[in-house]
Amino acid sequence: MNAQLAIDVGATGIKGALVDVGSGSLISDRIKYTTPSPALPHKVVKVMNNIIEDLKWTDGDIGIGFPAVVKNNLCFSASNIDESWINIDIQKLVKEITGLNSHTLNDADAAGIAEVAFGKAQDQDGSVIMLTLGSGIGSGLFKDGELLPNVELGRMIYRESVAEHYASNRARKTKDLSWDQYGEELNEFLQYVNRIFTPDLMVIGGGISKKFSNYSHKIDPALNVTDAALKNNAGIIGAAMYAMQMKNKTV
Ligand code: BGC
């Protein structure tokens, strides 16, 4: 078994588990802590350290799915996390606080990697878009299984602001939308994404994917849209797969 610890950092919760990267399944409890507010870098990494200790992970590298644009372990944006993260070298900070090496990628890219490997996008040729609907909207774009990292469809200029202010789960809650109203909002956003990318499949992930049947009837059947098979664990599983890949690259 190829066990790997991974952590999924979200705006409201920080979750971690040990993953069997060969089967894409969790092999420990899923540990969840509330994201500190404000989500300052050292505070967030201290929570990661709690998860590492809870899971007694001493085996080395960890994978991290992070809710921002991440290139070479550097954080480049902060729409869904405290602004002080911008330009932070995540690998360096994690090493300072936890003593462990880490590999970080965008959270939705991580979720997409898992869905492509083990979920609904497994046998899908062509282009797949993973959309995670939570506090923001995360997106991962894949062509024949290959990731184009850091595509930010939630940050697309849309109506009066950006798309995630209309179609995220947070928008649903803040605007107190019924499931039908939310389904209509989401459908409009998906139509917009479709107009630009014409993907072969769109996969809906994030916490709200568990409630897919509440709003899926409002989604145009002409769009090929499905809910994530791995639900809200996709981010953890994909981050674990990424860490394993990066580790093997450097060996
Ligand atoms: C961020 C993305 C992130 C998404 C979900 C957005 O606000 O810009 O990078 O993937 O939230 O966490």
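Let us look at the structure shown here.

The rules behind these values
- Residues numbered from 1 in each chain as written.
- Predicted model: local features only at pLDDT ≥ 70, side-chain atom pairs only at ≥ 80, totals over all residues.
- Heavy atoms only, no water.
- Helix = DSSP H or I, 4+ residues; strand = E, 2+ residues; numbered from the N terminus.
- Buried < 20%, exposed > 50% of the residue type's maximum accessible area, 1.4 Å probe, protein only.
- Areas by Shrake-Rupley, 256 points an atom, 1.4 Å probe, with all protein chains shown as cover.
- Axes fitted to C-alpha atoms, helices over the stretch in contact; angles between N-to-C directions.
- Parallel < 35°, antiparallel > 145°, perpendicular 65-115°, else oblique.
- Left-handed = near helix turned anticlockwise from the far one by under 90°.
- Contact = heavy atoms within 4.5 Å.
- Nonpolar A, V, L, I, M, F, W, Y, C, P; charged D, E, K, R; others polar.
- Phe/Tyr/Trp six-rings, centres within 6.5 Å; stacked < 30°, edge-to-face > 60°.
- Lys NZ or Arg CZ within 6 Å of the ring centre and 35° of its normal.
- Pairing = 2+ DSSP bridges.
- Lys, Arg positive; Asp, Glu negative; His and termini not counted.
- Salt bridge = Lys/Arg side-chain N within 4 Å of Asp/Glu carboxyl O.
- Polar contact = N/O pair within 3.5 Å; in protein donor to acceptor, adjacent residues only side chain to side chain.
- Patch = residues over 30% accessible without salt bridge, like charges linked within 9 Å, V, L, I, M, F, W, Y side chains within 5 Å.
- Charge placed at Lys NZ, Arg CZ, Asp CG, Glu CD.
- 1 Å grid on protein atoms, 1.4 Å probe; cavity = no way out; pocket = protein on both sides within 12 Å on 5 of 7 lines; lining within 4 Å.
- Points joined across faces, edges and corners; volume = space filled by probe spheres on them.

**Observations regarding the overall build of the chain**
Then comes step 1: Counting secondary structure elements, the chain contains eight helices and 15 strands.
Then comes step 2: Across the 251 residues in the chain, those meeting the buried criterion constitute 57%.
Then comes step 3: Carbon and sulfur atoms make up 47% of the accessible area of the chain, which amounts to about 11100 Å² in all.

**Quick word on the packing of helix 1 (residues 41-54) against helix 2 (residues 90-98)**
Helix packing for two helices is described by the angle between their axes and how far apart those axes are.
Then comes step 1: Across the interface, helix 1 lies against helix 2 with an axial gap of 9 Å and an inter-helix angle of 55 degrees. When the axes of helix 1 and helix 2 are compared, the pair comes out oblique. Classified by chirality, the crossing of helix 2 by helix 1 is right-handed. Here Pro41, His42, Val45, Lys46, Met48, Asn49 and Ile52 of helix 1 lie close against helix 2, whose contacting residues are Leu93, Val94, Ile97 and Thr98.
Then comes step 2: Of the residues in the contact of helix 1 with helix 2, the class split is seven nonpolar, three polar and one charged.

**A few points about the packing of aromatic side chains**
Then comes step 1: If you walk through the whole model with that rule in mind, you get eight aromatic pairs.
Then comes step 2: A centroid spacing of 5.7 Å and a plane angle of 20 degrees characterise the contact between Trp179 and Tyr215, whose relative ring orientation is stacked. Of the two residues, Trp179 sits in helix 6 (residues 179-197) while Tyr215 sits in helix 7 (residues 212-215), which places them 36 residues apart along the sequence.
Then comes step 3: Accessibility expressed as a relative area gives 24% for Trp179, which makes it partly exposed.
Then comes step 4: Since its relative accessible area comes to 0%, Tyr215 is described here as buried.
Then comes step 5: Put simply, the rings of Tyr158, Tyr166, Phe189 and Tyr192 touch in pairs and so form one group of aromatic residues.
Then comes step 6: When the ring centre of Tyr166 is taken as reference, the NZ or CZ atom of Arg159 above it lies at 4.6 Å.

**Description of the sheet that holds strand 15 (residues 225-227)**
Backbone-to-backbone hydrogen bonds join strands into a sheet, with any given pair of strands oriented parallel or antiparallel.
Then comes step 1: The five strands lie next to each other as 11-10-9-14-15, forming an open sheet whose pairing is mixed. On the outer flanks of this sheet lie strand 11 (146-148) and strand 15, each paired with one strand and no other. Within the sheet, the average angular offset between the axes of one strand and its neighbour, ignoring direction, is 30 degrees.
Then comes step 2: Of the strand pairs in this sheet, strand 9 (residues 127-133) and strand 14 (residues 201-205) are connected by five bridges, and their pairing is parallel. Each residue of the ladder has a partner; that of Val128, found in strand 14, is Leu201.
Then comes step 3: The sheet contacts of helix 3 (residues 107-118) involve strand 9, strand 10 (137-143), strand 11 and strand 14, and relative to strand 10 the element is tilted by about 45 degrees.
Then comes step 4: Across the sheet, helix 6 lies against strand 9, strand 10, strand 14 and strand 15, angled at about 150 degrees from strand 9, the strand it touches most.

**Section: the pairing of strand 8 (residues 102-106)**
Then comes step 1: Counting buried residues along strand 8, five of its five residues qualify, which places the element largely inside the surrounding structure.
Then comes step 2: Where strand 5 (residues 62-66) lies against strand 8, five bridges are found, and the strand directions are parallel. By the bridge assignment, Ile64 is partnered in strand 8 with Thr104.

**Things to note about the side chain of Asp61**
Then comes step 1: Along the chain, the position of Asp61 falls in the loop between helix 1 and strand 5.
Then comes step 2: Of the side chains bearing the opposite charge, Lys247 lies closest to the buried Asp61, which forms no salt bridge; the N-O distance is 5.6 Å.
Then comes step 3: One polar contact links Asp61 to His103, side chain to side chain, over a distance of 2.8 Å.
Then comes step 4: Apart from the residues within four sequence positions on either side, Asp61 is in contact with Gln4, Asn101, His103 and Lys247.

**As for a positive patch on the surface**
Then comes step 1: Taken together, Arg30, Lys32, Arg170, Lys173, Lys210 and Lys211 make up a surface patch of like positive charges.
Then comes step 2: Using a relative accessible area of 44% as the deciding quantity, one classes Arg170 as partly exposed.

**Looking at the layout of surface pockets**
Gaps between atoms show up when a probe of the same size as a water molecule is rolled over them.
Then comes step 1: Roughly 760 Å³ of internal volume is contained in the largest pocket.
Then comes step 2: Considering the residues around the largest pocket, the lining is formed by 42 residues, among which Leu133, Gly134, Ser135, Gly206 and Gly207 are closest to the centre.
Then comes step 3: Counting residues per element, the ones that place at least two in the lining of the largest pocket are strand 1 (3-9), strand 2 (13-20), helix 3, strand 9, strand 10, helix 5 (169-174) and helix 8 (234-250).
Then comes step 4: Ranked by residue count, the leading element in the lining of the largest pocket is helix 5, at four residues.
Then comes step 5: For the lining of the largest pocket, a count of residues per class yields eleven nonpolar, 17 polar and 14 charged.

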